[in-house]
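As a plain string of letters, each chain reads:
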Amino acid sequence: MVPDTTSAAYSSSQSVPQHVAVIMDGNGRWAVREKVSRGQGHKKGSEAVRQAIEGAVEAGVSYLTLYAFSSENWNRPQEEVSDLMGLLRFYLSREIKRLHKEGIKLKVIGHRERLAEDIQKMVAQAEALTADNSRLTLVIALSYGAREEITEAAKHIAAKVQSGDVALEDISEDLVSSSLQTKGIPDPDLIIRTSGEQRLSNFLLWQAAYAEFLFLDVLWPDFTKEIFHEAVQNYLTRERRYGARP
Ligand code: FPP
């Protein structure tokens, strides 16, 4: 069981980030370093997910989004895709009850129709089971690509204009935001990427407009909840201006 929040332990007048999003990168390099298979690297990476969840709950973060599988990841070798899907099945079957007990709500974003039917079913069941939980919302991005998400939103809005339900003048930033899969989820305040790479890789492009970024040299399987707390501490030193003057 995850202990209660320790957000009061942070010595800053700024609030902890409401939404932290993580690009979990470096499983492959961890596997090379440890001289094990890439599959083993992903397995260790899936164990680090628990560390991120515990860190988020302890910190008092309300939303944690994890980039688990991108639209582009389908282009990886068949064996690796199948390892990742196997891990996902294992994760969903083993962790959902625990997440539910901990009061965590699960939401999946991404092109879920591309996932195997049994995984789609497990995701739908997990979302239904945890729908009323409120301690932390865990958003898992699966078969997710931000450009695809924005394109779908554009089509959705265009169809509404075509049918006369929405006037052209009524297309606003709020309407675009609420046409995305992250509808109802606040934009991320902090985006962390592990492994030393410094790019967004088609992750939350619209939602990241005013996010703070933190690029860590640690490989994802080595991620711990202590690193999560350090990331929050780092965020608390940032001055957020949203384009305005200090
Ligand atoms: C990037 O490492 C990581 C991924 C493509 C997958 C992330 C998946 C997990 C952490 C495990 C499954 C998640 C859940 C929620 C069960 P990489 O392979 O690109 O590493 P590299 O850049 O070092 O090769």
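Scroll up a little and you will see the structure.
Computed from a prediction, not measured in an experiment: that's the story for all the values here.

## Let's talk about the pattern of salt bridges
Side chains that differ in charge, positive against negative, can pair when their charged atoms come close.
Phase 1: Summed over all chains, the structure comprises 25 salt bridges.
Phase 2: With its nearest N and O atoms 2.8 Å apart, the salt bridge here joins Lys-225 to Glu-58. Pair noted here: Lys-225 is in helix 7 (residues 225-236) and Glu-58 is in helix 2 (residues 38-59), with a separation of 167 residues, a long-range link. Each member of the pair Lys-225 and Glu-58 is classed as buried.

## Thoughts on the site of the ligand
Phase 1: Contacts to the ligand come from 15 residues, most closely from Met-24, Gly-28, Arg-29, Arg-38 and Arg-76.
Phase 2: In the environment of the ligand, an oxygen atom lies 3.1 Å from a nitrogen or oxygen atom belonging to the side chain of Asp-25.
Phase 3: Separating an oxygen atom of the ligand from a backbone N or O atom of Gly-26 is a distance of 3.4 Å.
Phase 4: In isolation the ligand has 620 Å² of accessible area, and contact with the protein removes 91% of it.
Phase 5: Among the elements of the structure, helix 1 (27-34) and helix 2 are those that each provide at least two residues to the shell around the ligand.
Phase 6: Of the residues forming the shell around the ligand, the biggest block, four residues, is contributed by helix 2.
Phase 7: Tallied by class, the residues present in the shell around the ligand amount to four nonpolar, seven polar and four charged.

## Let's talk about the packing of helix 1 against helix 2
Phase 1: Running from N to C, helix 1 and helix 2 cross one another at 115 degrees; their axes reach a closest spacing of 8 Å. Helix 2 is crossed by helix 1, and the crossing has right-handed handedness. Each of Asn-27, Gly-28, Trp-30 and Ala-31 in helix 1 lies in contact with helix 2, whose residues at this interface are Arg-38, Gln-40, Gly-41, His-42, Lys-44 and Gly-45.
Phase 2: For the contact of helix 1 with helix 2, the per-class residue count stands at two nonpolar, six polar and two charged.

## What about the sheet that holds strand 3 (residues 104-109)?
Phase 1: Across the sheet, six strands lie side by side as 3-4-2-1-5-6; this open sheet has parallel pairing. Of all strands in the sheet, those bounded by a partner on one side alone are strand 3 and strand 6 (212-215). Each neighbouring strand pair of the sheet contributes to a mean axis angle of 20 degrees, computed without reference to strand direction.
Phase 2: Across four bridges, the pairing between strand 1 (residues 19-23) and strand 5 (residues 190-193) is parallel. Looking at the pairing, Val-22 lines up with Ile-192 of strand 5.

## A word on the pairing of strand 5
Phase 1: Residue alternation in strand 5 divides its side chains into two sets, Leu-190 and Ile-192 and Ile-191 and Arg-193, and both sets are buried.
Phase 2: Pairing of strand 5 with strand 6, which is carried by four bridges, proceeds in the parallel orientation. If you follow Arg-193 over to strand 6, its bridge partner there is Phe-215.

## Describing the pairing of strand 2 (residues 63-70)
Phase 1: In terms of burial, strand 2 is a largely internal element, seven of the eight residues being buried.
Phase 2: Pairing of strand 2 with strand 4 (residues 136-144), which is carried by seven bridges, proceeds in the parallel orientation. For Phe-69, the partnering residue across the bridge sits in strand 4 and is Leu-142.

## Concerning the packing of helix 3 (residues 78-101) against helix 4 (residues 117-130)
Axis angle and axis distance: for two packed helices, these are the angle between their axes and the distance between the axes, and together they describe the pair.
Phase 1: Between helix 3 and helix 4, whose axes approach to 10 Å, the crossing angle comes to 15 degrees. By the angle class used here, helix 3 and helix 4 are roughly parallel. Seen along the crossing, helix 3 lies across helix 4 with a hand that is left-handed. Of helix 4, the residues touching helix 3 (which contributes Met-85, Leu-88, Arg-89, Leu-92, Ser-93, Ile-96 and His-100) are Asp-118, Ile-119, Met-122, Val-123, Ala-126, Leu-129 and Thr-130.
Phase 2: For the contact of helix 3 with helix 4, the residue count by class is nine nonpolar, three polar and two charged.

## Some details on the side chain of Ser-70
Phase 1: Among the secondary structure elements, Ser-70 is positioned in strand 2.
Phase 2: Those residues in contact with Ser-70 that lie beyond four places of it in its chain are Ser-143 and Tyr-144.

## Brief notes about the packing of aromatic side chains
Phase 1: This structure, assessed with the given rule, holds seven aromatic pairs.
Phase 2: Ring centres of Phe-213 and Phe-215 lie 6.1 Å apart, and the angle between their planes is 10 degrees; this geometry places the pair in the stacked category.
Phase 3: Residues Trp-220 and Phe-223 carry aromatic rings whose centres are separated by 4.6 Å and whose planes lie at 20 degrees to one another, so their mutual orientation is stacked.
Phase 4: According to the relative accessible area criterion, Trp-220 is buried, its value standing at 1%.
Phase 5: When its relative accessible area of 2% is taken as the criterion, Phe-223 is described as buried.
Phase 6: Through a chain of ring-to-ring contacts, three or more aromatic side chains come together here, namely Tyr-67, Tyr-144 and Phe-203.

The rules behind each value
Residues numbered from 1 in each chain as written. Predicted model: local features only at pLDDT ≥ 70, side-chain atom pairs only at ≥ 80, totals over all residues. Heavy atoms only, no water. Salt bridge = Lys/Arg side-chain N within 4 Å of Asp/Glu carboxyl O. Helix = DSSP H or I, 4+ residues; strand = E, 2+ residues; numbered from the N terminus. Buried < 20%, exposed > 50% of the residue type's maximum accessible area, 1.4 Å probe, protein only. Near = heavy atom within 4 Å. Polar contact = N/O pair within 3.5 Å; in protein donor to acceptor, adjacent residues only side chain to side chain. Areas by Shrake-Rupley, 256 points an atom, 1.4 Å probe, with all protein chains shown as cover. Nonpolar A, V, L, I, M, F, W, Y, C, P; charged D, E, K, R; others polar. Axes fitted to C-alpha atoms, helices over the stretch in contact; angles between N-to-C directions. Left-handed = near helix turned anticlockwise from the far one by under 90°. Contact = heavy atoms within 4.5 Å. Pairing = 2+ DSSP bridges. Parallel < 35°, antiparallel > 145°, perpendicular 65-115°, else oblique. Phe/Tyr/Trp six-rings, centres within 6.5 Å; stacked < 30°, edge-to-face > 60°.

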